[in-house]
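Chain residues, written in single-letter form:
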Amino acid sequence: MKASFAFLRNLSRRKPIESGGKSELERCLTTTNLTVLGVGGMVGAGLYVLTGVVAKTTTGPSIIISFLIAGFVSLLSAICYAEFGCRIPKTGSAYIYTYVSVGEVWAFLIGWNLVLEYVVSAASVARAWSGYFDHLIDDKIRNFTIEYVLRGEVWDKPFIADYPDIFGAVVLYIVVLVVACGASVSATATAVMLVVNCLVVAFVFVVGMMYADIDNWKVDSFAPYGFSGVIAGAATLFYAYVGFDIIAIAGEEALDQSKSIPRATYLTVVIATVMYLAVSVALTLMVPYTDISENSAFASAFAGHGIKWAQYVVGIGALCAMFTTLLGSLFCLPRSVYAMASDGILFASFARVNERTKVPVLACIVFGTVSAVLTIVFDIEALVEFLSIGVLMAYAIVSAAVIKVRYSPIGLALYALDTDSKDEQGSEFLGSKPKLEENGNSGEIKEPVPGSLKERHYHRFWFLARYPPGQVVCIGLMISVASQFVTILVASAAWEQLLEGTWWTVIIVIIGGCLAVVTFLPIPMHHQIDIKTGFKVPLCPWIPALSVLLNIILMLQLSFVTWIRFAIWVAIGLLIYGVYGYHHSVQGQLNQAEVGVTYRVLQPDESSEAFTGGLYGTIERQQPDRGESYEDIDDELNNVDDRHYAVGDTSKED
């Protein structure tokens, strides 16, 4: 039994908020570089393909409203990423954020799914780039491959492409070489392509407005598919905003993480939204939505006004946009693998960084090859179906992690530490020293303990104050998210029965909805981190909670087959983690070799200062200073009672 508890505890072990030394990656990216990478990774084929399809089949001219809604939802997730990014400027994005705040096994699952996202994304974009280029030259590559490679017979298998896209794989390998040359080279290449793309967008908008007719917005009304069409369009267009996490991935290579990451995140979403709105306004004013071509929306619109040569301008813009998206995926891929390998939960050889380029080249080559194989063999539709679920899960978990950290003592190490501070052994902290007034071996905390009940709620909810700081918030958040998931799942799967008033669907939805609300409401009754340093998500916990809800809704719109494939991928990942990652985890080895340091928070009657109400106290060092991890403090706060708060591993106390 004791071994089982130890195993479960190890699965939830967290990475301390400190680094063991200087980063192996090169710090060379400015706010402009990060913004360019973000916009380049976000604005891809969706700008030229998705806009026409959604406008014709789902929204009509109201695609403008759908883009605004999708941008808002994306921004909710983006600012949650930005809060973690400026305080944990380590490569790994959602993986490292989850490792620091939730635990190792969850971090592995998120990292494993992000690897899947980038591999599949790169393969699908490479195949789309090849297909678009081939279309501009009258399908000469496709015809040559079928005639001379396949000897006139196309492949006719489920999920398999009609022909091997060797040209797409070659394009992908060229981009792999660009990525392997270093972050600055990748940023420069992205900037060049993005400038061309922006010029094409400007061309589409300016020339399109010359042929604009406001009556085209009056055909069957501005929103011919109604409000439901606007929302459905926003759900589809949300995927046009996927890609801002490249900023979080590149955080360790930023020159000024605390300022550059949040600024670049905001700018990326805003610039992308402006570009999407510009082309959608021009398109829907040029032609009635009923006349939009799904396959070549802009080329056909210009051709209808006698500007046939514009298809080549649009084609150049589309190729440049897809190139930047492909580069963004392949930029993130080796860095995600590197982050997991450097923590020991993925094979260590992938953590080797080239001395010259400061890039994990082996990870680039191996996973680039996997992506190239997918490009050659699989059809785009089969690849795209796999993309969304991992991204949405990562967004939801990061948003929930913001709430957990804000209302937990672990946040003290995250929100109150300075990036330039070092412990006595010289290791860098990814935050700043707690605001303690040193007095010998003790320091007084000036703020309430994060996660403790606010004083004004004591008389009504006194029973919540009996639990350790952060525990009520953590349990309430988990139950609320689980209830939301079940409620939305039932509502989505049995929507017709729900509208007809079938008793079991109504009962489940009502009970699930009420449970989600009731278990969430105690969260804002507790103290959260109140340190005015760095970027923080406003209106916490409401904005992160809204982000979690919206991401769950979008996840449950995916097909059942996608969930089955996702389950298989997760099972493979857990097998790798169980066989290799669990036993080679760097954090696990550090925990085993760690020498215990204990703390305790003195009660007001033990403190020299007068008690002013709330969970105030004094941290007193029980053992000599040795550069403690603040994670130890939070671990033991989970074992305190309402009278005496022990901090540290008391089993190791001398």
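A quick note: this is a predicted structure, and the numbers were derived from the prediction, not measured.

What follows concerns the overall build of the protein. Helix and strand counts for the protein stand at 26 helices and five strands. Classification of the 654 residues of the protein by burial places 55% in the buried group. As presented, the protein carries roughly 28300 Å² of accessible surface, and 64% of it is formed by carbon and sulfur atoms.

Mapping Ala-161 onto the fold places it in the loop between α8 (140-149) and α9 (166-180). Put simply, Ala-161 and Phe-378 are 217 residues apart on the chain and 5.0 Å apart in space, counted from C-alpha to C-alpha. Beyond its immediate sequence surroundings of up to four residues, Ala-161 is in contact with Arg-127, Trp-155, Val-377, Phe-378 and Asp-379.

What follows covers helix α24 (residues 560-584). For an α-helix, the turn length of 3.6 residues means that residues three or four places apart are oriented alike. Counted at 1.5 Å a residue, the expected span for α24 with its 25 residues is 36 Å, and the 35 Å between its end C-alpha atoms agrees. Of all the bends found along α24, the most pronounced is centred on Tyr-577 and spans about 50 degrees. Those residues of α24 lying buried are Thr-562, Arg-565, Phe-566, Trp-569, Val-570, Gly-573, Tyr-577, Tyr-580, Gly-581 and Tyr-582.

Attention now moves to the pattern of salt bridges. What the rule picks out here adds up to six salt bridges. Its salt-bridge partner being Glu-104, residue Arg-13 comes within 2.9 Å of it at the nearest N-O pair. With Arg-13 in the loop between α1 (2-11) and α2 (31-42) and Glu-104 in helix α7 (residues 104-136), the pair connects residues that are 91 residues apart, well separated along the chain. Among the residues examined, Glu-104 registers a relative accessible area of 0% and is labelled buried. Of the charged contacts, one joins Lys-15 and Asp-343 as a salt bridge, the two residues approaching to 2.7 Å between their closest N and O atoms. In this pair, Lys-15 is assigned in the loop between α1 and α2 and Asp-343 in the loop between α15 (310-342) and α16 (361-377), connecting sequence segments 328 residues apart. We note that Lys-15, like Asp-343, is buried.

The next point concerns the packing of aromatic side chains. In total, this model carries 26 aromatic pairs according to the counting rule given. Note on Trp-217 and Phe-222: the rings are 5.3 Å apart at their centroids and 70 degrees apart in plane angle, and the pair reads as edge-to-face. Given a relative accessible area of 29%, Phe-222 falls into the partly exposed group. When the centroid spacing of 6.1 Å and the interplanar angle of 85 degrees are considered together, the rings of Trp-563 and Phe-566 count as edge-to-face. Taken together, the positions of Trp-563 and Phe-566, both in helix α24 and three residues apart, correspond to about one turn of that helix.

Another aspect to go through is α7. Taking 1.5 Å of rise per residue, 33 residues should cover 48 Å, and α7 covers 48 Å from first to last C-alpha, within 8% of that figure. With respect to burial, α7 is a largely interior element, 26 of its 33 residues being buried. Positive phi appears at Asp-138, one or two residues downstream of α7, with a value of about 60 degrees.

Bringing the packing of helix α10 (residues 183-210) against α15 into the picture now. For the pair α10 and α15, interaxial distance at closest approach is 9 Å and the crossing angle is 150 degrees. Here α10 lies roughly antiparallel to α15, going by the angle between them. Crossing of α10 over α15 shows left-handed handedness. Facing α10, whose interface residues are Ala-183, Ser-186, Ala-189, Thr-190, Met-193, Leu-194, Val-196, Asn-197, Val-200, Phe-203 and Val-204, α15 presents Ala-310, Val-313, Val-314, Ile-316, Gly-317, Cys-320, Ala-321, Phe-323, Thr-324, Leu-327, Phe-331 and Arg-335. Considering only residue class, the contact of α10 with α15 consists of 17 nonpolar, five polar and one charged.

What follows covers unusual backbone geometry. Apart from glycine, the bulk of residues carry a negative phi angle, and the bulk of peptide bonds sit in the trans form. Here the residue pair Cys-540 and Pro-541 is connected by a cis peptide bond, since its omega of 15 degrees sits within 30 degrees of zero. Tracing the sequence through the fold places Pro-541 in the loop between α22 (503-520) and α23 (542-555). One non-glycine residue with positive phi stands out, namely Asp-138, at about 60 degrees. Mapping Asp-138 onto the fold places it in the loop between α7 and α8. A relative accessible area of 60% means that Asp-138 is categorised as exposed. Of note, the phi angle at Asp-220 is positive, near 60 degrees, even though the residue is not glycine.

Moving on to the environment of Thr-325. Within the secondary structure layout, Thr-325 lies in helix α15. For Thr-325, a relative accessible area of 12% corresponds to the buried category. Remark: the alpha-carbon pair of Thr-325 and Gly-41, spanning 284 residues in sequence, is separated by 4.3 Å. A polar contact of 3.0 Å, which involves the side chain of Thr-325, links it to the backbone oxygen of Ala-321.

Right, let's get into the confidence of the model for the protein. Scored by pLDDT, the protein has a mean of 79; 80% of the residues are at 70 or more. Averaged pLDDT values over the elements of the protein bottom out at 35 in strand β5 (residues 645-648) and peak at 94 in α22. Per-residue pLDDT stays below 50 along residues 417-445; that stretch engages in 70 contacts with residues further than four places along the chain or on separate chains. The low-confidence segment residues 595-634, where pLDDT is below 50, has 110 contacts with residues more than four positions distant or belonging to other chains.

A word on the environment of Leu-550. Mapping Leu-550 onto the fold places it in helix α23. By relative accessible area, which is 21% here, Leu-550 ends up partly exposed. In the structure, Leu-550 is positioned 155 residues away from Tyr-395 in sequence and 9.9 Å away in space, judged by C-alpha atoms. When near neighbours in sequence (up to four residues on either side) are disregarded, Leu-550 contacts Val-73 and Leu-76.

Mapped onto the elements, Glu-117 comes out in helix α7. The buried charged residue Glu-117 lacks any salt bridge partner; its closest oppositely charged side chain belongs to Arg-335, at an N-O distance of 14 Å. The contact partners of Glu-117, leaving out residues within four places of it in the chain, are Val-242, Asp-245, Leu-387 and Val-391.

Rules of the game
- Residues numbered from 1 in each chain as written.
- Predicted model: local features only at pLDDT ≥ 70, side-chain atom pairs only at ≥ 80, totals over all residues.
- Heavy atoms only, no water.
- Helix = DSSP H or I, 4+ residues; strand = E, 2+ residues; numbered from the N terminus.
- Buried < 20%, exposed > 50% of the residue type's maximum accessible area, 1.4 Å probe, protein only.
- Areas by Shrake-Rupley, 256 points an atom, 1.4 Å probe, with all protein chains shown as cover.
- Contact = heavy atoms within 4.5 Å.
- Expected span 1.5 Å × (residues − 1).
- Bend = angle between axes of the 7 residues up to and from the residue.
- Salt bridge = Lys/Arg side-chain N within 4 Å of Asp/Glu carboxyl O.
- Phe/Tyr/Trp six-rings, centres within 6.5 Å; stacked < 30°, edge-to-face > 60°.
- Axes fitted to C-alpha atoms, helices over the stretch in contact; angles between N-to-C directions.
- Parallel < 35°, antiparallel > 145°, perpendicular 65-115°, else oblique.
- Left-handed = near helix turned anticlockwise from the far one by under 90°.
- Nonpolar A, V, L, I, M, F, W, Y, C, P; charged D, E, K, R; others polar.
- Polar contact = N/O pair within 3.5 Å; in protein donor to acceptor, adjacent residues only side chain to side chain.
- pLDDT = per-residue confidence, 0-100.
- Lys, Arg positive; Asp, Glu negative; His and termini not counted.

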